Amino acid sequence: MGHKIFVSYKYADAEVYDMPGSKAGSTVRDYVNELEARLDKTNHIYKGEEDDEDLSSLTDDTIWEKLKDRIYDSTLTIVFISPGMREDSKKDRDQWIPWEVSYSLKETTRRDSSGRAVCSKTNAMMAVVLPDASNSYSYYLEDKRCCTRTCTLHHTSKLFDIISKNKFNYRKAQNQKCDSGNVVWTGKTSYIKAAKWCDFIASIERYIDEAYDRQNDVDQYELHKEVE
């Protein structure tokens, strides 16, 4: 069965690797176009958007009015993590991605065409990490060999707060200290689980299915739904 998929991303971020076969100067939108083309060959419905409007002068209610039709009837939100997605000169609440994540996580009630109140579920969620200009993912996902096993360091300081707070939020998550004293998490960990673009695009259906598995277990995650 197909799913309605909303994609949250920084449209004009050009700090990404040039996609093979494309002209120099790729932006995140080129990766979105590739995902959209892949989804067109499936039963899934792409519900992304292209708005890069400044939010600093808008009220919370106005932002919600702009977003509700895009997100309300979607069931999965994919966040594209890219090197320049977060503008440090702006507050999180003055940028689109945090609001899109917030409204994707919230349960929202609206009236249908018959006047009945219908409540949306918390969306299934996942993050896709795009490669930087040097074709590396280590700005966010850094492979480490600090112990007998290979592990991955998540640079959560690169994320918007609402995404970071929904990482490592599984209530029953297991962790242990490795040989170097660092904390290593195993098993289920995050509601917004991250995957490298190269892995995701090679196995889209698997990652989508995993996101819905987490949604089915949503009560076991400590969700943070507000933009601060």
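Here we summarise the structure given alongside this text. Predicted, not measured: the structure shown is a model, and the values here were computed from it.

## As for the overall build of the protein chain
Link 1 in the chain: When helices and strands are tallied, the protein chain shows 6 helices and 11 strands.
Link 2 in the chain: When burial is assessed residue by residue, the protein chain has 44% of its 228 residues classed as buried.
Link 3 in the chain: Restricting to contacts in the protein chain with at least 6 residues of sequence separation, those with at least 24 account for 69%.
Link 4 in the chain: For the protein chain, the accessible surface area stands at approximately 11,800 Å², while carbon and sulfur atoms represent 43% of it.

## Description of helix α2 (residues 60-71)
Residues that lie three or four places apart on an α-helix share one face, since the helix turns once every 3.6 residues.
Link 1 in the chain: Taking 1.5 Å as the rise per residue, α2 with 12 residues should run 16 Å; its terminal C-alpha atoms sit 15 Å apart, in good agreement.
Link 2 in the chain: For α2, every residue scored as buried is listed here: I63, W64, L67, K68 and I71. Take α2 and look down its axis: the buried residues cluster within an arc of 130°, on one side only.

## Observations concerning the packing of aromatic side chains
Link 1 in the chain: In the structure shown here, the tally under the stated rule is 7 aromatic pairs.
Link 2 in the chain: Their ring planes at 85° and their centres at 5.0 Å tell us that Y31 and W197 sit as a pair that is edge-to-face. Of this pair, Y31 sits in helix α1 (residues 28-39) while W197 sits in helix α5 (residues 197-202), placing them 166 residues apart in sequence.
Link 3 in the chain: With centroids separated by 4.9 Å and ring planes inclined at 55°, the aromatic side chains of Y170 and Y221 adopt a geometry described as tilted.

Reading the values: the criteria
- Residues numbered from 1 in each chain as written.
- Predicted model: local features only at pLDDT ≥ 70, side-chain atom pairs only at ≥ 80, totals over all residues.
- Heavy atoms only, no water.
- Helix = DSSP H or I, 4+ residues; strand = E, 2+ residues; numbered from the N terminus.
- Buried < 20%, exposed > 50% of the residue type's maximum accessible area, 1.4 Å probe, protein only.
- Contact = heavy atoms within 4.5 Å.
- Areas by Shrake-Rupley, 256 points an atom, 1.4 Å probe, with all protein chains shown as cover.
- Expected span 1.5 Å × (residues − 1).
- Arc of directions from axis to C-beta.
- Phe/Tyr/Trp six-rings, centres within 6.5 Å; stacked < 30°, edge-to-face > 60°.

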